[in-house]
Amino acid sequence: GVAIILNLDEKSPHANTVSIFRDGVRACKPRKLPENLIGKPLFPHVSYRHASLMVNFGKPMTKLPFTCRSVSEAATAHASVTPAPSGKYEMLMPVAFPDEGTFDWLDSFLEANPKYTELSDRKMMEWAVASGLTRPKLGLNASNDKPNYQYGVHSLDDNSLMKVVQSIPSIQPRNFVVMEVKSNLVAEERSQILKRFPGYKKVAHVVMGKPKEAYKHRVHNQILKQKQQKSDSTWRMKKAQQEQKKRILEQQKLMAEKKKEMEEKKKAEAEAKKAEEAKKAKEAKEAKEGEEGEEAAAEATEEPAAEETEAKDAEMKEEEPKAEEPKAEEEDLGDEPPQVELTEEEEKQNFIKGSIPDVSPAVLAKAFASFTVPEKSEGFDEVNYEWQGAAESKEYLRKWVLETKLTTRIEDLQPSNDFKEKYSAWQKAFTELQTKQKAWKSGGKKDGSKEGGAVDIFSVEDINDIGGGEPLYSNFEAEDWAMLQLRYEFFLLQDAFIKDVNDEDRTAIPEAHLAFYYQKYFKKAINTKQFSLSDVPELLNLIKDTVAIDEETKMFTKVLEDAESLDILVKCTEESRKERKRRIDAGDETARLKFLSHNPAPAPVPAAVPPAPAAVGLQKGKGKAMGKGKPMKGMMGKW
């Protein structure tokens, strides 16, 4: 065992020192206490990384070479005893909506009331970091309520240490704040928390609705501070870029001046050399020609003079000042960062929403319908309302839950057996319709069959026989069958959703969640590309006689109240087909569907050319012909 010995014997040469003994034997020299700790109360603290310890504050478990007292046996003169406060300790429970000032309110409360100790997963993470652990990256579905930290320490990662912390109130009483965002909003989970605090005064603080002015002022100051920090950072970056640009321009100017000096020096040397050569040439010529005449000498004299004149002209031309390029106007950033102000929109903001949610979306989706305002009958001694009264808070909760229902997906919703049976029956009936159409087409036109425009579609009694055995859907092409399938699937989706959810507040699917529920029910994605469209509203516009998106509420709704029978859907599809054909025949090309068929019919074969005599003897099935075999997938056709 390891013993930590604090020597407070003033007569000892090792007074006010700390020593370590291992199995009764000194393991280190006595260490002097810092001057600022001598005579001050010292609280025993043991901290090890990645280790579990058994701590003993009673009698020594191993014999030591001297007599000493344990912490529990300390003399009154050597101990500082803090008397217990009068009255009960308090257990405070904040009850607030996720992302509506929950932790901001708690922080402001703890600043004003430091006697309270926060118990939460957030605080556990702070304690771990303060103990020397590196702040970990947040795991999947992390939130402020449940950070889902991953330290690589088993007792932290499996949440067993938090369970130990939850037992502290019964061992070490003090004033606690229990911060569990989701649990504090659910009555059943609140009751479980209250059981951990026997003998405490239990107080609920309901933080809902419109905040008080003091809190809003705090929020606005935080928003302004964050905005100012961002502005300062941007200003410093621009200032640094401006200074760097200035240094680069100065360097370029210096290099240009040096280059000019070098060029002038080379030019002067070249001119001197040229003048020297001209002088020598002149002297040589004069010596050779002698006294051939004044005219020849004059010519020799004029030539270098002319060259000298040309050189001077060229030099003057080079020395002509070049027009300076206009400098781009630089932004005047000033010597200090600009002071920002809140916009009108920011001044209306009551809460700060961070990048990490207070409660993860998956947890919120399952729990929010169970949120309630705490009551004294649950076991609370007091229920205090911080921002609004009891009635206003309950009404705010009701509206919040209703709005959340309209914006939150039901992740665990599963298709019912009723849906599965209806969809299975539909698939069977759909196949039978296609089989009857093929039989009609293969049999040819029969007596009594109707012409395309001779039938009042919605007065037809039997869609399988409108006369002469002809089905109403006899002219359906691939895109018409696809439209019929879309009509039934979207109608069935809305019908099944209402029945499976069984919630009077959820009577329609939000447009933003339509693709999610379609995938969940039909196990496939909505295929807008099949009709060469870009989004779901465009696709639904093709079947607006059956379902639609409400322009005001953006909710998915049924147009047809009853489509249990295939008859009405087939009639709507045929009506749509005839209207489309009428518009195309009238020259309206916008009515033509760009349908991408997954299993299109084979491409039409050109008119047969009379076979050559040599082909007469070919045996059947020996050759390959165009248009036979597998269809070409992905063929784009206009219908």
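Residues numbered from 1 in each chain as written. Predicted model: local features only at pLDDT ≥ 70, side-chain atom pairs only at ≥ 80, totals over all residues. Heavy atoms only, no water.

Undergrad: I'd like a rundown of the overall build of the protein chain, residues and numbers included.
TA: For the protein chain, the count of helices and strands is 16 helices and 14 strands. Residues counted as buried form 32% of the 639 residues belonging to the protein chain. A separation threshold of at least 6 residues defines the contact pool for the protein chain, and within that pool the share at least 24 residues apart is 71%. As presented, the protein chain carries roughly 42,900 Å² of accessible surface, and 52% of it is formed by carbon and sulfur atoms. (Helix = DSSP H or I, 4+ residues; strand = E, 2+ residues; numbered from the N terminus. Buried < 20%, exposed > 50% of the residue type's maximum accessible area, 1.4 Å probe, protein only. Contact = heavy atoms within 4.5 Å. Areas by Shrake-Rupley, 256 points an atom, 1.4 Å probe, with all protein chains shown as cover.)

Undergrad: Talk me through a negative patch on the surface; I want residue IDs and the actual numbers.
TA: Side chains of Glu257, Glu261, Glu263 and Glu264 sit close together on the surface and give a patch of like negative charge. With respect to the element layout, Glu263 can be found in helix H7 (residues 213-289). (Patch = residues over 30% accessible without salt bridge, like charges linked within 9 Å, V, L, I, M, F, W, Y side chains within 5 Å. Salt bridge = Lys/Arg side-chain N within 4 Å of Asp/Glu carboxyl O. Lys, Arg positive; Asp, Glu negative; His and termini not counted. Charge placed at Lys NZ, Arg CZ, Asp CG, Glu CD.)

Undergrad: Explain the environment of Lys558 to me, and be specific about the residues and the numbers.
TA: One can find Lys558 in strand S12 (residues 555-558). For the pair Lys558 and Gln494, spaced 64 residues apart in sequence, the C-alpha to C-alpha distance is 7.2 Å. What Lys558 contacts, discounting residues up to four positions off in sequence, is Phe491, Gln494, Asp495, Thr546 and Val547.

Undergrad: Go over the nonpolar core with me, naming the residues and quoting the values.
TA: One finds Tyr151, Phe197, Met208 and Phe371 to be the most contacted residues of the largest nonpolar core, which totals 55 residues. Apart from residues no more than four positions distant in its own chain, Phe371 is found in contact with Pro98, Lys182, Leu185, Val186, Leu364, Leu397 and Trp400. Among the nonpolar cores identified, the runner-up in size contains 52 residues, and Val455, Tyr517, Tyr521 and Ile526 belong to it. (Core = buried A, V, L, I, M, F, W, Y, C linked by side-chain atoms within 4.5 Å.)

Undergrad: So what's going on with the sheet that holds strand S6 (residues 117-119)? Residues and values would help.
TA: Pairing between sheet strands relies on hydrogen bonds along the backbone, with the strands arranged either parallel or antiparallel. Taken in spatial order, the 5 strands line up as S6-S7-S5-S8-S9 in an open sheet, and their pairing is parallel. In the strand order of this sheet, the two ends are held by S6 and strand S9 (382-385), each with one partner. Each neighbouring strand pair of the sheet contributes to a mean axis angle of 25°, computed without reference to strand direction. Relative to strand S5 (residues 90-96), helix H6 (residues 187-194) is tilted by about 165°, and along the sheet it contacts S5, strand S7 (176-178) and strand S8 (201-207). (Pairing = 2+ DSSP bridges. Axes fitted to C-alpha atoms, helices over the stretch in contact; angles between N-to-C directions.)

Undergrad: Any chance you could break down helix H13 (residues 478-501) for me, citing the residues and the numbers?
TA: In an α-helix, one full turn covers 3.6 residues, which means residues spaced three or four apart are oriented alike. Given a rise of 1.5 Å per residue, 24 residues ought to cover 34 Å, and the 34 Å separating the end C-alpha atoms of H13 matches this to within 8%. Counted residue by residue, H13 has 19 buried out of 24 residues, so it is predominantly covered. Asn502 lies just past H13 and shows a positive phi near 55°. (Expected span 1.5 Å × (residues − 1).)

Undergrad: Could you give an account of the sheet that holds strand S10 (residues 509-510), naming the residues involved and the relevant values?
TA: In spatial order, the strands read S10-S12-S11; together these 3 strands make up an open sheet with antiparallel pairing. Either end of the sheet is taken by a strand with one partner, and the two such strands are S10 and strand S11 (547-549). As defined by bridge partners, S10 adjoins S12 across 2 bridges and the pair is classed as antiparallel. Among the inter-strand pairings, Ile509 is bridged to a residue of S12, identified as Phe556. Along the sheet, H13 makes contact with S10, S11 and S12, crossing S12 at roughly 105°.

Undergrad: With reference to specific residues and values, describe the packing of aromatic side chains.
TA: Under the criterion given, the structure shown has 29 aromatic pairs. On the numbers, 5.3 Å between centres and 20° between planes, the contact of Trp105 with Phe109 is stacked. A residue pair is termed a helical-turn pair when its members lie 3 or 4 positions apart in one helix, as Trp105 and Phe109 do in helix H1 (residues 102-112) at 4 residues. Take Trp105 and Phe109: they sit in the same class, and that class is buried. On the numbers, 4.5 Å between centres and 15° between planes, the contact of Trp426 with Tyr488 is stacked. In this pair, Trp426 is assigned in helix H12 (residues 417-443) and Tyr488 in helix H13, connecting sequence segments 62 residues apart. Each member of the pair, Trp426 as well as Tyr488, is classed as buried. Taken together, the ring pairs connect Phe419, Tyr423, Phe490, Tyr518, Tyr521, Phe522 and Phe556 into an aromatic cluster. Here Arg409 stacks its cationic end above the ring of Phe516, 4.0 Å away from the centre of that ring. (Phe/Tyr/Trp six-rings, centres within 6.5 Å; stacked < 30°, edge-to-face > 60°. Lys NZ or Arg CZ within 6 Å of the ring centre and 35° of its normal.)

Undergrad: Describe in detail the pattern of salt bridges, supporting the description with residues and values.
TA: All chains considered together, the criterion is met by 31 salt bridges. Taking the shortest distance from any N to any O, the salt bridge between Lys405 and Asp505 comes out at 3.1 Å. Of this pair, Lys405 sits in helix H11 (residues 390-407) while Asp505 sits in the loop between H13 and S10; the two residues are 100 residues apart in sequence, bridging distant segments of the chain. By relative accessible area, which is 11% here, Lys405 ends up buried. Its relative accessible area of 32% is what places Asp505 among the partly exposed residues. Between Glu489 and Lys524 there is a salt bridge, and its shortest N-O distance comes to 3.0 Å. Of this pair, Glu489 sits in helix H13 while Lys524 sits in the loop between helix H14 (514-522) and helix H15 (536-541), and the two are 35 residues apart along the sequence. By relative accessible area, Glu489 is classed as buried at 1%.

Undergrad: Quick one: what's the story with the environment of Asp158, residue by residue and with numbers?
TA: Note on placement: Asp158 falls in the loop between helix H3 (154-157) and helix H4 (160-166). The exposure class of Asp158 is partly exposed, given its relative accessible area of 34%. Sequence-wise, Asp158 and Asn148 are 10 residues apart; in three dimensions their C-alpha atoms are separated by 9.6 Å.

Undergrad: I'd love a proper account of the pairing of strand S2 (residues 17-22), names of residues and values included.
TA: Alternating positions in S2 separate cleanly, Thr17, Ser19 and Phe21 being buried on one face and Val18, Ile20 and Arg22 remaining unburied on the opposite face. Pairing between strand S1 (residues 2-7) and S2: 6 bridges, direction antiparallel. Across the sheet, residue Ile4 finds its bridge partner in S2, namely Ile20. In the sheet, S2 pairs with strand S4 (residues 31-32) via 2 bridges, with the strands oriented antiparallel. Of the residues in S4, the one forming a bridge with Val18 is Arg31. Here 2 bridges tie S2 to strand S3 (residues 25-26), and the two strands are oriented antiparallel to one another. Each bridged residue has a counterpart across the sheet, and for Phe21 the counterpart in S3 is Arg26. As consecutive antiparallel partners, S2 and S3 are separated by 2 residues, and within that stretch Asp23 has a phi angle of approximately 55°, a positive value.

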